[in-house]
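# Chains, contacts and geometry: an overview
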Amino acid sequence: MNNIIILTIGIVAIFGFLFLLILSPKKTTNFKLSDDDELDSVLKKVVTLIGGDVLAFSENIRFKPKTRDDKLEELIHSCGNPWKVSLFEFQVIKLSLAVALGIVGAILGILLVVSDFAFWGISPIASIALFAYLGYLYPNSYYEGVKKSRDLEFKKNFPEAIDYLLMILGGGGYTLPVAFEMTLEYLEEGAVKDEFTKIVSDLHTGQTMESALNNFASRVPSESIKAFSKALNNANKLSVSVVEILAARSDASRKELELEIEKRISTLDTKVMLVLSPTAMVSIMIVALAPSVQILLNAFNGN
């Protein structure tokens, strides 16, 4: 009975902590204007000396610190939001999974207590905390994985999409919105075509090219492509030729892909060793111990 009471208190404490974690205020006055402490102090003093409000200044500058919700919302947009949920719904999913897996941990803990079976020394409360924590982290982990796969797909297929835009614009007589729409006919199914389709869809709903490109920049997983979208937007607004910008982006994307390939090749040896090391260690131990085992067997047989 005492063990069940302890389990109940543990469950309530864990879920209470999760509720406080999600509902706690995300902003703080202990902001930093720069990652460098010395530069941060100097910036605050300069803003104060010229009669400015440091807090208002930090709210408007581009390097203001991001809150936990800002980072989570950026993750949801950059990975394409595969679950099609809002920020609030995403947090509800995290909490629901934490509760569900916490219940699984509680059931496992009760079974351990009833059967007097020590599972690797893990106490029932620890199993509840572990399962709840894993459930709470799973949505973030899944979205991070989707973001990485989208980033790799953009590195592989984005240069080809840019080449199509260059060919269409180089033919003359076509504007950038028309070029995006014509490019859809040649792109393979994937993240790049989906994003180009969303750009065309935004244009068909009456949005401007600037708005469509800004939405595109908020969804792509790569900072370099975000910068490219802004540069393309500025060139389009100023009626400047975008051909040079597209050509530069095509070359940069191919270089990023080459760097990614080199990075994967450089880590290939380590991954192969991690796979083969256990088997190699067993083989080495067998070879090293075989003579000793043979001597012992001979000694026993001699006796």
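Conventions we followed
Residues numbered from 1 in each chain as written. Predicted model: local features only at pLDDT ≥ 70, side-chain atom pairs only at ≥ 80, totals over all residues. Heavy atoms only, no water. Helix = DSSP H or I, 4+ residues; strand = E, 2+ residues; numbered from the N terminus. Buried < 20%, exposed > 50% of the residue type's maximum accessible area, 1.4 Å probe, protein only. Contact = heavy atoms within 4.5 Å. Areas by Shrake-Rupley, 256 points an atom, 1.4 Å probe, with all protein chains shown as cover. Axes fitted to C-alpha atoms, helices over the stretch in contact; angles between N-to-C directions. Parallel < 35°, antiparallel > 145°, perpendicular 65-115°, else oblique. Left-handed = near helix turned anticlockwise from the far one by under 90°. Phe/Tyr/Trp six-rings, centres within 6.5 Å; stacked < 30°, edge-to-face > 60°. Lys NZ or Arg CZ within 6 Å of the ring centre and 35° of its normal. Salt bridge = Lys/Arg side-chain N within 4 Å of Asp/Glu carboxyl O. Patch = residues over 30% accessible without salt bridge, like charges linked within 9 Å, V, L, I, M, F, W, Y side chains within 5 Å.

## A closer look at the overall build of the chain
- When you go through the chain residue by residue, the secondary structure sums to 12 helices and zero strands.
- Beginning at the N terminus, the succession of helices and strands in the chain can be written as α-α-α-α-α-α-α-α-α-α-α-α.
- Here the chain holds 303 residues, and 31% of them are scored as buried.
- Considering only contacts within the chain whose residues lie at least 6 apart along the sequence, 62% involve residues at least 24 apart.
- Put simply, the chain shows about 19,300 Å² of open surface, and 65% of that area lies on carbon and sulfur atoms.

## Structural notes on the packing of helix α4 (residues 68-78) against helix α6 (residues 124-170)
- Remark: α4 packs on α6, axes separated minimally by 9 Å, with the N-to-C direction vectors making an angle of 50 degrees. Relative to α6, the element α4 lies oblique. Crossing handedness for the pair α4 and α6: left-handed. Where α4 abuts α6, its residues L72, L75, I76 and S78 lie against N140, Y143, E144, K147 and R150.

## Here's the deal with the packing of aromatic side chains
- Summed over all chains, the structure comprises 13 aromatic pairs.
- Relative to Y143, the ring of W83 has its centre 5.2 Å away and its plane inclined at 70 degrees; by these criteria the two rings are edge-to-face. Highlighted residues: W83 in the loop between α4 and α5 (87-115) and Y143 in helix α6, separated in sequence by 60 residues.
- If you follow K94 out to its NZ or CZ, it ends over the ring of Y136, 4.3 Å from the centre.

## Details of the pattern of salt bridges
- The final tally for this structure, using the stated rule, is seven salt bridges.
- Residue E195 is joined to R150 by a salt bridge in which the shortest nitrogen-to-oxygen separation is 3.2 Å. Taken together, the residues span a long stretch of sequence, with E195 in helix α8 (residues 191-204) and R150 in helix α6 at a distance of 45 residues. We note that E195, like R150, is buried.
- With a shortest N-O distance of 3.9 Å, D151 and K155 are connected by a salt bridge. Here K155 and D151 lie together in helix α6, a separation of four residues that amounts to about one turn.
- For K155, a relative accessible area of 16% gives the class buried.
- Connected through salt bridges with shared partners, the residues R150, E195, K198 and R219 form a single ionic network.

## Digging into a nonpolar patch on the surface
- A surface patch of nonpolar side chains, amounting to about 520 Å² of accessible area, comprises L101, V104, L130, Y133, L134 and L137.
- Going through the elements one at a time, α5 and α6 are the ones with two or more residues in the nonpolar patch.
- With four residues, α6 is the largest single contributor of residues to the nonpolar patch.
- Looking at the element boundaries, Y133 is found in helix α6.

## Some remarks on unusual backbone geometry
- Positioned with a positive phi, N81 is a non-glycine residue whose angle comes to about 50 degrees.
- Tracing the sequence through the fold places N81 in the loop between α4 and α5.
- In this structure N81 comes out as buried when scored by relative accessible area, which is 15%.
- Positive phi values are uncommon outside glycine, yet K84 reaches one of about 55 degrees.
- Residue placement: K84 occurs in the loop between α4 and α5.
- The class of K84 is exposed, set by a relative accessible area of 60%.

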